[in-house]
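Examining the three-dimensional arrangement
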Amino acid sequence: QVQLVESGGGLVQPGGSLRLSCAASGFTFSSYFMSWYRQAPGKERELVAVITYTGGSTNYADSVKGRFTISRDNAKNTLYLQMNSLKPEDTAVYYCHLGGTRYWGQGTQVTVSS
């Protein structure tokens, strides 16, 4: 069965960095677009970044452009999100999503606070 398992979240000070990972199994990872979403308390889930099958093309929400980088390693069936220059407004639960499907990871909490 499809499994998406996020890791790497935590508490970080403003200006700091975190790297999220999403380990995928149960499907042919290289055949799908993959995305990161986030949901802050009291807000709707929003798209953060998306990456194509081979990683040749990426797209980002305006709020994270220039600070976050999405990438993938198809040999390791793993999706990544490198987050730099973190701001308090980046605080949210971050989810990976299998493109075009109903499959989501369980989420990992990112808290940016001094």
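For the structure itself, look to the data block above.
Model, not experiment: these values are computed from the prediction.

Reading guide: rules and limits
- Residues numbered from 1 in each chain as written.
- Predicted model: local features only at pLDDT ≥ 70, side-chain atom pairs only at ≥ 80, totals over all residues.
- Heavy atoms only, no water.
- Phe/Tyr/Trp six-rings, centres within 6.5 Å; stacked < 30°, edge-to-face > 60°.
- Helix = DSSP H or I, 4+ residues; strand = E, 2+ residues; numbered from the N terminus.
- Buried < 20%, exposed > 50% of the residue type's maximum accessible area, 1.4 Å probe, protein only.
- Polar contact = N/O pair within 3.5 Å; in protein donor to acceptor, adjacent residues only side chain to side chain.
- Contact = heavy atoms within 4.5 Å.

A few words now on the packing of aromatic side chains. Summed over the entire model, instances satisfying the criterion amount to five aromatic pairs. Judged by centre distance (6.3 Å) and plane angle (50 degrees), the rings of Phe27 and Phe29 are tilted. Each ring, one from Tyr37 and one from Trp104, has its centre 4.9 Å from the other, and the planes form 70 degrees; the classification is edge-to-face. Within this pair, whereas Tyr37 is found in strand E4 (residues 34-39), its partner Trp104 is found in the loop between strand E9 (92-98) and strand E10 (108-112), the two being separated by 67 residues in sequence.

This next bit is on the side chain of Thr78. Among the structural elements, Thr78 can be located in strand E8 (residues 78-83). The exposure class of Thr78 is buried, given its relative accessible area of 11%. Engagement of the side chain of Thr78 in a polar contact is seen with the backbone oxygen of Lys76, the distance being 2.8 Å. Apart from residues no more than four positions distant in its own chain, Thr78 is found in contact with Ser21, Cys22, Ala23, Phe29, Ser71, Arg72 and Asp73.

Treat this as a map of the structure, not an account of what it does.
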